Amino acid sequence: MNYKYLLKNLILRPMNCWGEFSSDIKKDFFLRKNNSKSNLVWICGLPKSGTTLIEQILDNLLYIRIDRSFLRKFPKKDNISPTNINDYIYSFPKKKFSYVKTHLKYDQNILKKFINERFKVIVVLRDIRDVMISRYFHVMSDNKNWQHDVIKTLSFEEGFIKSLHTITEKYNKKRSEATGFQKNPLVSYYYWIKNWKQIKESENLKKVWYEDYVKNPHKFIKEILDFTEFNHFDEKEIEKKLNFIRQRDKKIPLIKQLNRPGQNVSTFRSGKAGEWKSLFNERIEKEFNNLLPDKIEDILN
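Described in the following lines is the structure provided in the data block. Computed from a predicted model, the values in this text were never measured in an experiment.

About the criteria used
- Residues numbered from 1 in each chain as written.
- Predicted model: local features only at pLDDT ≥ 70, side-chain atom pairs only at ≥ 80, totals over all residues.
- Heavy atoms only, no water.
- Helix = DSSP H or I, 4+ residues; strand = E, 2+ residues; numbered from the N terminus.
- Buried < 20%, exposed > 50% of the residue type's maximum accessible area, 1.4 Å probe, protein only.
- Areas by Shrake-Rupley, 256 points an atom, 1.4 Å probe, with all protein chains shown as cover.
- Pairing = 2+ DSSP bridges.
- Contact = heavy atoms within 4.5 Å.
- Axes fitted to C-alpha atoms, helices over the stretch in contact; angles between N-to-C directions.
- Parallel < 35°, antiparallel > 145°, perpendicular 65-115°, else oblique.
- Left-handed = near helix turned anticlockwise from the far one by under 90°.
- Nonpolar A, V, L, I, M, F, W, Y, C, P; charged D, E, K, R; others polar.
- Polar contact = N/O pair within 3.5 Å; in protein donor to acceptor, adjacent residues only side chain to side chain.

This paragraph deals with the overall build of the protein. If you tally the helices and strands in the protein, you get 16 helices and 5 strands. Per-residue burial for the protein yields a buried fraction of 49% across its 301 residues. Put simply, the protein shows about 15600 Å² of open surface, and 51% of that area lies on carbon and sulfur atoms.

Structure follows, in structure tokens:
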């Protein structure tokens, strides 16, 4: 259980904390009547890839965030590894709707355990160029980020290029080992996408691309509803609620979104697809492609 998160929420926003607790109680004990057998959902996605979008869709169903609820217990996510994955899997209550979002890299043995335990696995993918653009603005806004100090005073061109590969003394080795990311963000993200992208979809594994949501939100949400067996929910109503959240978050600086207590903490910035086209110049594109370990076409939708 994330005690630090829960305590912060309780102290700083007690009414918000009570609202979340009431919502979770309602989901667990009063809205159990439905035909879905997809009780357990594990979201895998890179930071800035659209995983928050999937969280928000599931929040509109009967799922509870297992790492952010008084009704659930879940080990610290930063410590996940192939050797302790069972501790995380077995923390899920089998007969209640729960989900978690992580940045786990692909591991055949871990995925096999998910499938054996009847998890629904949703892998979120996005154009790596937009991921890295969004990541850059996140680093600029977050003064606790390990790259923040070296890029905060630079121009966009210089700062963005440095954010792709520069190592600093604040680099957290322990956390990188837990998430599977190497010191070089661009290379790590490239292989993360490539390895998950090659996995075939199945009844229990679905790959979704953020760009598909931007093109057709209703169709995208409907596919999530079908996959989780909540197709009696209305995708149009869910999109209305998501749009309300986006409009609200646009008015809040990213750094304040990141530090908001409660389940409405967000990393939303613009939500655009193809933003890199207006921000990449000739030098950035050349540096970006030179830093990639292989062809970018191998990891695009």
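The next point concerns the sheet that holds strand β4 (residues 120–125). With respect to topology, 5 strands assemble into an open sheet ordered β2-β3-β1-β4-β5, the strand pairing being parallel. Strands at the two margins of the open sheet, each flanked by one partner only, are β2 (64–65) and β5 (205–209). Relative to β4, strand β1 (residues 40–45) runs parallel, the two sharing 5 bridges. If you follow glycine 45 over to β4, its bridge partner there is valine 124. Those strands touched by helix α3 (residues 51–59) are β1, β2, β3 (98–102), β4 and β5, and its axis lies near 160° from that of β1. The sheet strands contacting helix α10 (residues 185–197) are β1, β4 and β5, and the helix crosses β4 at an angle near 135°.

Taken N-terminus to C-terminus, the directions of helix α12 (residues 217–227) and helix α13 (residues 235–250) make an angle of 115°; their axes are 9 Å apart at the nearest point. When the interaxial angle is binned, α12 and α13 end up roughly perpendicular. Where α12 crosses over α13, the two elements pack in a sense that is right-handed. In this structure, α12 contributes Pro217, His218, Ile221, Lys222 and Leu225 to the contact, and α13 contributes Glu235, Lys236, Ile238, Glu239 and Leu242. When its residues are assigned to classes, the contact of α12 with α13 shows 5 nonpolar, 1 polar and 4 charged.

Mapped onto the elements, asparagine 84 comes out in the loop between β2 and α4 (85–89). Residue class for asparagine 84 comes out buried when judged on its relative accessible area of 19%. From its side chain, asparagine 84 meets the backbone oxygen of asparagine 79 in a polar contact 2.8 Å long.

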